Amino acid sequence: MIESECSTFSGQGALRLLPSLPSSEAPSISSFENNLGSEEDSLLTSPQVGVEVLKVSKSGKLQPRRIGLSDSNRYILVTSNKVKSIKGLFKAAFKSEETSTARTIELSSIIRIFRGQYSNRFLIAKAQQTLPKQNDSENGDQVDYNGNSLTILYRMPTCEAAEGLMQAGPFRTQRSPHRIETLDLVVPDKDDYAYLCETLEKLFSIFQEEKKCMEHESFFWQTQWLDLGKKLTDTISASEWSVLCERANLPFKKTLINSYFKGFAEEKDVEEKGLTIEHAAELLAELKEKMEESYLPPSSTDDEEENYDPHPLYVLWDSLMESDPVPPVKYENSSDDLELQVNVEEESISTIAFLSFIRSEQKQFSTSLEETQTLVRTLNSLKTLCKDKNDSQRHGEDRLSKSRFLSYLASDANDIIDSSERDDMDYPLTHYWIKTSHDSYLAKLPNSFRSFKDGIDYKNYGMVDYQGFLQALHRGARCLELDVYDGLFDSPVVARTKPSTASDNHCIPFVQVLQSIRSFLYEYPDSFPIILCLETHCSESNQAKMAEGIRKVFEDEGLLYRPPEEVLNNTSFKPMPTPEDLQGKVIIKNKRPRKIRKGGTVMNDDFDEDNDVVMGKDEEEDYMNMNEEDEDEIEEELGFVIGFNADGAIRSKGDTSAEQTPSELYAIAQEEAAESRTESRQAKEKEQKLNVELELAEIVAHSSIEKSDSTAEQIIEKVQQQQQKPKNVDDNGNIIGRVSTSFDTSDLSEPEMDEGLEVQDFFGNSVEDARVDHSEADAGAKSAARLVSQALDRLTEAKKSVEDAKASVEESYRSEKVKKYQAEKAANEARQNRQHADTARGRVETVKKLLRSSKDSAASAETVVVTAMTEAKISEQRASETEGRAARALATAEKERARADRETKKEELLETEAALLHDNCVEASQEAKTTRSRMEKCMSMLDRVNEQIKLIERSSQFQKELKEHKQGNKSAIPLNSSPVRGSNFLVKHAGKIQERDACTRLIKEAAVANQTAELRRKRAAASFEDKAHRWKMQSEVAAQARKQADRSSHHAEELAELAEEEREAASLRHIAREKAQMSVNSRDNYQTSVQAQLVEASRASEEAASVALESRIKAEKLEREAELAKDHSKVLQHVENMEKVKEEAEASHKEALVKQREAATKAENAKRLLDTSAEVYTNAQRDAAQEQDSYTTRRERELTAIQAYKKYLSIKKHAAKASLQAEAADQKLVEKENAEKRAYEYKFKMDRRGPLVPELAELTLYHSTRFKTWEQSHKMPNSHMHSICEPRVYDMLDADEDDQREKFIELTKDHFCRTFPSWRTISENQEANYDPVIMHSLGCQLVSMNFNSCDEKLILNDGRFRANGSCGYVLKPPHLRGESLMDRPAQWRFKILSGSCLPKGEKSMLKKSPTVGLGSTSVSPFVRVAVHEGTLSAETIIHETKTVSRNGFAPIWGNEEDEFDVKVKQPSIALLSFTVWDDESHDFVAGAALPMTCLRQGYRSISLFDSIHSRIGPYASASLVLKVQKLS
């Protein structure tokens, strides 16, 4: 079962479909009977008209008002007179005679009417405690008057919105193209409240049906009329007509519009009065005819036919006319017979032709002829503002005119989305996309549809909108997110951050949010479940209050779904509930510990603020490996943490008094890790230094052994023989024992002497001289070699000194950093201690102030006691005096009332007598009038008879007969005598004479009667006038007496009320005296307590001051040491000196090498000289000399090699030891760094670990957790909901889109996954939302969007949930639910044909032109089409139409370039968006997003929405018409 439409202005519920009843049978607003109807003047003056209410102002104050309805029932009237004070909240406030006006709210501007106190003004009023109180029926306490409250949410006309734009502030215009206001009322009387609500709700319901009965363009025109601030009964002038046409975006110049107005007004003779709305509609029809002429085929040359651009819908209509099998007919009445004739002038199609169109073009093959006839009759019954030439009565009820057909194509009833399809709601909850609102309570976010270059207003980011939750629910959201913090008054509140001030704009009481959600469920009990995602940042006491509020608001009303037992035990659902099972229920998502118990804690690592980060790879791996076990259970079992090693925490079960905080443990671990890093670096430096020395020693040893005649083995053997322990060198030549540093030359071998020495004496002085020279040269060469060796040693030592100096420099800089860190740390400690000392001193001062205040309060309280007693006596005395005065005033009032009654009786008696005299006077006047009339008739008859006699006497026949008569009688006969028989004229003459005599007699009788009647009338009139005068005088006396009696009675009542008030005041003052006395006693106790606190605070202040002084001295000392450590000049100078020594050693070494080469050359020359001097002596002496030199050189070189090898062994021993030390230092460093990581993980967890009371945990169905790894998430129960921020999703897809997509889909088959926007992205990119299609394509059920912004991505999200009746739940496609059925690619062809009733851009909608009006420029629209398939690389914008210049009323496209194809791989995921833009202002006009699986073929309309996805005001009729074909 699908829930009923939740909003009449958003989603599918905003479409204006056809009425269920014909317009003639539909209820009418004007015929609705109620007791609230009145004129504005009577509402202002008569207290018996309307209903007395209290209006809540913007500041939260209550203002007495009266509310009523206009006679037409189309306007709500609210008085707006200002009242300075409110004496009684339940008394009428209309006794003032001041001039007042009534505020009007047109019925069509109302968006919603909801009962209760759920608006921002009520929130402010509650915070200021200005709402009235009532007695609680249970305990008699005073509680808030919540029962009789209602809010009317309405849209202000654009003219008023523009005028009040500056007063409205920046928030409304950034969130919406409309200015939405609320009328918040409290109705004192319960019966009035019930009647008022029922009347308004019934009228609102009737209007919703009535607007369905209006034709498409007529409704648009009426909306524009009302939006101009005009009533339906008003008229407009020429200038207003011009503004109206420009607001409707008609494509005509102002001069043409004015000329049409002038001609039409002259024709209708309404130049002075102005045009009514019916006249305006007729004039609009004439302008439309002129506009349509440009699309009619030309009737002249062929060139014009080639340039002719026909209207695409007119071409369609012509084809239907040509193929219509039934011609149009008309009925004429001729001689009382009906004659059937063909009417070729009227354009209409038959029902059969329309059925053929529906089946062939619209692809609705199941439509029957009866259904088509019903549709045609419904379209013909739609109301218009004027009777045009295409009125349905000209065609009969079974034919459809051209205007009705075109109107149907552009109407919501022909929408491209098939609204009849519904999803199966018996699948588990994880198989649905659920519309989710993020931070619904915020009042403002960036808006990408309008350029705001000032950046984000962080100052106002925390401002909340109490109505945001209800607006999100009415927009279709079924998942709301609430950040709950501790309020300033020890109660949970919903806010962006923890409240720091008592501002009413930054937090909402948590319970009031729950109550607003409950009111929605009351209104829509069939709603699918609402998920409340809680982020709990508050204390345990407030958590308990949260749980109590949830139980009281939801569970007690049967609206809460409690989690089953398996969920509370952290196992998966068996099975998971479905939306059908949970209709009308609320689901709680919050943290839930593994084991629900008192004092349990949870790890709050999934809050959006903490989760809104993108970690590095190593950091993310460390975080993923964190243990999620319940830390409380571990500490109970293993003990508390005292430190950390590489394996984890070190625990102790001993005394917990020495327990350190996680921050302290982490600081210790950091310090130990830093020390280990220093030790490791020093050990590596020492090892590196010894390795360099070892390499040099090895080179020198090898060189010395090569120069000697001994082998390496011989040198090693001799070294071993010289050591204290023989054979202490291993096979590799490594020393395994202690080496003796002494050297014994006795083991060196003696050379054998040659016999050639015997000839030595044979030679003379020349040979001896040559030998001497040779010996000297050889000695010089040896000396040069020793100098080279010594220079090389000095060079080695100099290089070593340079390295040592550089190490000293590094050590100096490291020491500087350490001392600087220690100094900063000490400075921070000193600063904190100083702050503590200042705080302590401040506390002392505070306590002193409290002490002084308590003393002053005690004195004041005593004064209050005396004052209260005195005032009570005075009040009692005043009450007695007032009662006496009231009694006297009452007696006087009774006397005055008796006198007034007597005078009134006299007045009534005189009134009766005057009435009798008046009747007599009337009777006499009537009698006089009758006699006068009779006399006048007699006189008239006499005149007529005299005239007839004269005529007879003038006739010739009379004269003839008279003459004959005279001659016959021979004597004169009088005229009045009887005539002779046979004389006709004489007979007639005699008769008339007799009639004259009779008339004369009657006149005399009538004159006498008239005289008598007139005399009687005058006497009666005189008597009546006398009696009337006496009655009037008596009436004035009686009225004065009654007024005096009323004043006396009113005065007596006021005195009685005053006496009662004085009695109550005396009673209250007695109570005040008792309370004041109790306050005196309590203040004495309080003063004693404050004195004790002062002693303790003074002691603590002294201790804190002492600690602060010590820490300051320590900090100054360390600061001086750090300052001294900055001086590196000595070590740098030492490095320079060592570099110079090194350069000198290198120069000495080079010089020694040169001298060695020179000495060698000299020795060689001496040798050649010796060879030349004595040839005989040469062989023997040369052999002897060589043997002698060889012996000496061999001994020296062998000694040098032994010494070099010993030095090598010593350095090697030290290097091996240093290597072991460095390895140990590295191992220790790894252990300390791992311990530091474990300490950080422990601190991270403990910082985010908070308490959770079991009362709240037991209500939580879904446990919120942060997404970590796929393996961990799959192992969790399906009652866990995984949260992930959108930047991380994009990073994962960027790494490997196909692999990550498969993993997402696999997880979301049976686990909830929630994505949310990054505040970091909002700050950087000024975009409040992200692409929801990508997240939906991954299977994510809850894609949180910021509803308090306006952007194209939010329109995409709204478009997704237009499916399934906009109920907030949409079934995911099979491949996202784990079924094997995959999407098949689809191809569609679209052709944009026209637009209808497009509004202005949102920026120009509220822009006031100084010359013309609101938005003085017509739009130049173009359409942008984009397809969204949910992939990162897909191209979105696929088509843009041309721009139609200055025509938003009926723009036309329909050319070949406006036809395009759309190919999608996954139709069940893809969304198609159509957005209309103004090419001149680059302003967003309107748009819509469509699920590809819900599209219908044929000529369809696309209902366009504003940036908040509503169709109110000028957007209610905006649409596009296009042709849709499915190719595959």
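Described in the following lines is the structure provided in the data block. Computed from a predicted structure; not experimentally measured. (Residues numbered from 1 in each chain as written. Predicted model: local features only at pLDDT ≥ 70, side-chain atom pairs only at ≥ 80, totals over all residues. Heavy atoms only, no water.)

Moving on: the packing of aromatic side chains. In the structure shown here, the tally under the stated rule is 21 aromatic pairs. When the centroid spacing of 6.2 Å and the interplanar angle of 35 degrees are considered together, the rings of Tyr-1205 and Tyr-1208 count as tilted. With Tyr-1205 and Tyr-1208 both in helix α29 (residues 1175-1247), this residue pair falls 3 residues apart, about one helical turn. Each member of the pair, Tyr-1205 as well as Tyr-1208, carries the same accessibility label: buried. Centroid distance Phe-1267 to Phe-1304: 6.4 Å. Interplanar angle 20 degrees. Geometry classified as stacked. Of this pair, Phe-1267 sits in the loop between β24 (1262-1266) and α31 (1270-1275) while Phe-1304 is found in helix α33 (residues 1297-1308), placing the two residues 37 residues apart along the sequence. Take Phe-1267: its relative accessible area is 2%, and that puts it in the buried class. For Phe-1304, a relative accessible area of 0% corresponds to the buried category. One cation-aromatic arrangement involves Lys-231 over Tyr-75; the distance from NZ or CZ to the ring centre is 5.3 Å. The residue whose ring lies beneath Lys-402 is Tyr-314, and the NZ or CZ to ring-centre distance is 3.8 Å. (Phe/Tyr/Trp six-rings, centres within 6.5 Å; stacked < 30°, edge-to-face > 60°. Helix = DSSP H or I, 4+ residues; strand = E, 2+ residues; numbered from the N terminus. Buried < 20%, exposed > 50% of the residue type's maximum accessible area, 1.4 Å probe, protein only. Lys NZ or Arg CZ within 6 Å of the ring centre and 35° of its normal.)

A few words on the packing of helix α12 (residues 312-323) against helix α15 (residues 402-410). Between α12 and α15, whose axes approach to 11 Å, the crossing angle comes to 125 degrees. Relative to α15, the element α12 lies oblique. In the crossing of α12 with α15, the sense of the turn from one axis to the other is right-handed. On the side of α12, the interface is formed by Leu-313, Tyr-314, Leu-316, Trp-317 and Leu-320, while α15 contributes Lys-402, Phe-405, Leu-406 and Leu-409. Residue classes in the contact of α12 with α15 are distributed as 8 nonpolar, no polar and 1 charged. (Axes fitted to C-alpha atoms, helices over the stretch in contact; angles between N-to-C directions. Parallel < 35°, antiparallel > 145°, perpendicular 65-115°, else oblique. Left-handed = near helix turned anticlockwise from the far one by under 90°. Contact = heavy atoms within 4.5 Å. Nonpolar A, V, L, I, M, F, W, Y, C, P; charged D, E, K, R; others polar.)

Once that is clear, we can look at the pattern of salt bridges. In this structure the tally under the stated criterion is 39 salt bridges. The salt bridge involving Glu-1306 is made with Lys-1309; its shortest N-O contact spans 3.0 Å. The class for Lys-1309 is partly exposed, based on a relative accessible area of 23%. Look at the salt bridges and you will find they share partners, linking Arg-121, Glu-181 and Asp-184 into a network. (Salt bridge = Lys/Arg side-chain N within 4 Å of Asp/Glu carboxyl O.)

The next point concerns the sheet that holds strand β36 (residues 1519-1526). Remark on secondary structure: sheet strands pair via backbone hydrogen bonds, oriented parallel or antiparallel. With respect to topology, 4 strands assemble into an open sheet ordered β32-β29-β36-β35, the strand pairing being antiparallel. The sheet is open, and its two borders are formed by β32 (1459-1464) and β35 (1498-1503), each paired with just one other strand. Put simply, the sheet's adjacent strands are angled 35 degrees from each other on average, direction ignored. Two strands pair when backbone bridges link them, and strand β29 (residues 1386-1396) and β36 are joined in this way by 8 bridges, in the antiparallel orientation. Bridge pairing in β36 links Arg-1389 to Gln-1525. Sheet strands in contact with α12 are β29, β35 and β36, and its direction is about 100 degrees off that of β29. Relative to the sheet, α15 contacts β29, β35 and β36, its axis offset from that of β35 by approximately 60 degrees. (Pairing = 2+ DSSP bridges.)

Locating Glu-1236 in the fold gives a position in helix α29. A residue is classified by how much of its surface remains accessible, and Glu-1236, at 14% relative accessible area, is buried. Within polar-contact distance, the side chain of Glu-1236 engages the side chain of Arg-677 at 3.0 Å. Glu-1236 has contacts with Tyr-666, Ala-669, Gln-670, Ala-673 and Arg-677, leaving out every residue within four places of it along the chain. (Polar contact = N/O pair within 3.5 Å; in protein donor to acceptor, adjacent residues only side chain to side chain.)

For the rest of this paragraph, the subject is helix α6 (residues 190-212). For α6, which comprises 23 residues, the first-to-last C-alpha distance of 34 Å matches the rise-based estimate of 33 Å (1.5 Å per residue) to within 8%. Along α6, the residues that are buried comprise Tyr-193, Leu-196, Cys-197, Thr-199, Leu-200, Leu-203, Phe-204, Ile-206, Phe-207, Gln-208, Glu-210 and Lys-211. In this structure, the buried residues of α6 make contact with β1 (51-56), β2 (62-69), β3 (75-79), β5 (110-115), β8 (149-155) and α7 (216-227). Where α6 starts, the residue carrying a side-chain oxygen 3.0 Å from the main-chain nitrogen of Asp-191 turns out to be Asp-189. (Expected span 1.5 Å × (residues − 1).)

In short, geometric facts, not functional conclusions.
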